[in-house]
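Chain residues, written in single-letter form:
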Amino acid sequence: MLLRPDARAAFRSWRRTRPFWAGLLLMLGGTELLVVPLSPLTVLVSLGLGGLAAIGIGLALIAAGQFLWWLPSARHYVSINALILSVLSFAATNLGGFLAGMLLGIAGSAMGFGWTPRASRGGSSGTLAAALPVVLLAALVPAGDGTDRILRAAAEPASVTTSRFAPRGFAFAGIDRVPTADGPLKVLVLMMGAASLTDYRLKTRELGLAAGKLDLSGHVTLYLTRFSGCLEGVLCVTFSPDGLPVPPVIPPFVFMTRVVAEQALVTADMIVADGLRLTV
């Protein structure tokens, strides 16, 4: 039975105040990921780890679609995480539900991120929505974990800036507390196999260091109280232990520009600086 004209008008009014189509695509993608491993195509699909991953990611994408419908103010955070899950589904499930579920999830994530309320729509959202799938197009294997060590950080984190931060084998290791002279300090723990920093600047209360390029390699771990920058020079975000969480993995081709961080501690097997000098 068709809806009455007043009900259709109310639905249209509700739909226009949120990224409706983005949420619908995410839910369709999640449903497709759920249906494939539960289908009778036992020759092609196995209910092993791939099937369990498909069910988990499918449910998460459906929940993300619901969040876009009922909590549109959180669309940026939800869309980024939904995009990561959609891309991970290619490796973790049956090729992303034979590509269909993955592509629906990527399209819904991009539309959700680019959507803005009617009163504030401008021309930049379309560019960001088109660039978002490029930023996180593939997942990678997290870096191997190192041995546990007792570390002590400075009581006041150093200020670090770099014009370009290019990690390799990046993985978010969680939130931890490192000991300092003034007590434990809450930090983000970022692990990677290697990293390259261009136009590196570090400032503490006592001194400053600068280098044209700084290369870190071998079980690199960063302990940060704050981390901000622009993914691919387009999507600017800020991460902190109590704020927006860092994505669990970052593709190898992703870099960040205009990075500003509060660094409590950094460890690496090797640090090579090009043109290292003291600054005032």
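Residues numbered from 1 in each chain as written. Predicted model: local features only at pLDDT ≥ 70, side-chain atom pairs only at ≥ 80, totals over all residues. Heavy atoms only, no water.

Re the overall build of the protein
Selection rule: Strands are runs of DSSP state E lasting at least two residues, helices are runs of H or I lasting at least four, and both sets are numbered from the N terminus onward. Under the scheme applied here, a residue whose accessible area is under 20% of the maximum for its type counts as buried, over 50% as exposed, and between as partly exposed, the area being computed with a 1.4 Å probe on protein chains only. Residues count as neighbours in contact if any of their non-hydrogen atoms are within 4.5 Å of one another. Each accessible area is a Shrake-Rupley result for a 1.4 Å probe, and residues are judged covered by the shown protein chains and nothing else.
In terms of regular secondary structure, the protein is built from 7 helices and 8 strands. Looking at the protein as a whole, 43% of its 280 residues qualify as buried. Expressed as a percentage of contacts within the protein between residues at least 6 apart in sequence, the contacts between residues at least 24 apart total 75%. In the structure as shown, the protein presents an accessible area of about 14,600 Å², 65% of it carried by carbon and sulfur atoms.

Quick notes on the confidence of the model for the protein
Here is the rule we go by: Residue-level confidence of the predictor is what pLDDT reports, using numbers from 0 through 100.
This prediction gives the protein a mean pLDDT of 78; 77% of its residues lie at or above 70. Taken together, the stretch residues 42-46 has pLDDT below 50 and engages in 8 contacts with residues farther than four places along the chain or on a different chain. Below a pLDDT of 50 lies the segment residues 134-148, which in the model reaches 40 contacts outside its immediate sequence neighbourhood of four places, other chains included.

With respect to the nonpolar core
Selection criterion: For our purposes a nonpolar core is just a set of buried Ala, Val, Leu, Ile, Met, Phe, Trp, Tyr and Cys residues, chained together by side-chain atoms within 4.5 Å.
If you look at the biggest cluster of nonpolar residues, it comprises 29 residues, and the most contacted ones within it are Phe165, Met192, Leu222 and Phe227. Listing elements by their share of this core, those giving two or more residues are helix H4 (75-92), strand E1 (158-168), strand E3 (185-203), strand E4 (208-231), strand E5 (235-239) and strand E6 (256-267). In terms of residue count, the dominant contributor to this core is E4 (8 residues).

What about the pattern of salt bridges?
Pairing is possible between side chains that carry opposite charge, provided their charged atoms lie close to one another. Just so we agree on the cut-off: Take a side-chain nitrogen of Lys or Arg and a carboxyl oxygen of Asp or Glu: if they are within 4 Å of each other, that pair is a salt bridge.
The final tally for this structure, using the stated rule, is 2 salt bridges. Here Arg205 makes a salt bridge to Glu156, at a shortest N to O gap of 2.4 Å. Taken together, the positions of Arg205 in the loop between E3 and E4 and Glu156 in the loop between helix H7 (124-135) and E1 put the pair 49 residues apart, joining distant regions of the chain. Residue classification places Arg205 among the exposed positions, given a relative accessible area of 68%. Taking relative accessible area as the criterion, Glu156 reaches 45% and is therefore assigned partly exposed. Notably, a salt bridge pairs Lys186 with Asp242, separated by 2.7 Å at the nearest N-O pair. Of this pair, Lys186 sits in strand E3 while Asp242 sits in the loop between E5 and E6, placing them 56 residues apart in sequence.

Notes on the environment of Asp215
Inclusion rule: Polar contact criterion, stated in full: a pair of N or O atoms within 3.5 Å, where within protein one must be able to donate a hydrogen and the other to accept it, and residues adjacent in sequence count only if both atoms are side-chain atoms.
Of note, Asp215 is situated in strand E4. Along the backbone, Asp215 and Ala273 are 58 residues apart, and their C-alpha atoms lie at a distance of 6.4 Å. Beyond its immediate sequence surroundings of up to four residues, Asp215 is in contact with Ala195, Ser196, Met270, Ile271 and Val272. A distance of 3.2 Å separates polar atoms of two side chains, one belonging to Asp215 and the other to Ser196.

Overview of helix H6 (residues 100-114)
Each α-helix winds once per 3.6 residues, and so residues spaced three or four apart point in a common direction. As a reminder, the rule being used: Here a helix's expected span is defined as the number of its residues, less one, multiplied by 1.5 Å.
Taking 1.5 Å per residue as the helical rise, H6 with its 15 residues ought to reach 21 Å, and the 21 Å between its terminal C-alpha atoms agrees with that figure. Restricting attention to buried positions, one finds in H6 the residues Gly101, Met102, Gly105, Ile106, Gly108, Ser109, Ala110, Gly112, Phe113 and Gly114.

Here's the deal with the packing of aromatic side chains
Rules: Stacked, tilted and edge-to-face are the three classes assigned to paired rings of Phe, Tyr and Trp, where Trp is represented by its six-membered ring and a pair needs centres within 6.5 Å; plane angles under 30 degrees give stacked, over 60 edge-to-face, the rest tilted. Working rule: Lys NZ or Arg CZ, within 6 Å of ring centre, within 35 degrees of ring normal, means a charge sits over the ring.
Applying the stated criterion across every chain yields a total of 9 aromatic pairs. Considering the side-chain rings of Phe20 and Trp69, the 4.9 Å spacing of their centres and the 5° angle between planes classify their relative orientation as stacked. Here the residue Phe20 occupies a position in helix H2 (residues 20-38), and Trp69 occupies one in helix H3 (residues 49-70), the gap between them amounting to 49 residues. For the pair Phe20 and Trp69, a shared accessibility class is recorded, and that class is buried. Through successive ring pairs, a cluster of aromatic residues spans Phe11, Trp14, Phe20, Trp21, Trp69 and Trp70. The positively charged end of Arg164 is found above the aromatic ring belonging to Phe255, 3.9 Å away from the centroid.

Considerations on H4
Look at H4: 24 Å from first C-alpha to last across 18 residues, which is about the 26 Å you get at 1.5 Å a residue. For H4, the set of buried residues is Arg75, Val78, Ser79, Ile80, Ala82, Leu83, Ile84, Ser86, Val87 and Ser89.

Topic: the side chain of Thr180
With respect to the helices and strands, the residue Thr180 is situated in the loop between strand E2 (171-178) and E3. Separated by 3.2 Å, the side chain of Thr180 and the backbone nitrogen of Asp182 make a polar contact. Looking at Thr180, its side chain comes within polar contact range of the main-chain oxygen of Gly183, at 2.4 Å. Non-local contacts of Thr180, meaning those with residues more than four positions away in its chain, are made with Arg152, Ala153, Ala154, Ala155 and Leu185.

Concerning the pairing of E6
Condition: We call two strands paired when DSSP finds no fewer than two bridges between them.
Relative to E6, E1 is paired through 7 bridges, and the arrangement is antiparallel. Paired with Arg164 across the bridge in E6 is Thr257. As judged from the 9 bridges shared by E4 and E6, these two strands associate in the antiparallel manner. In the sheet register, Leu224 faces E6, and the bridge partner there is Gln263.

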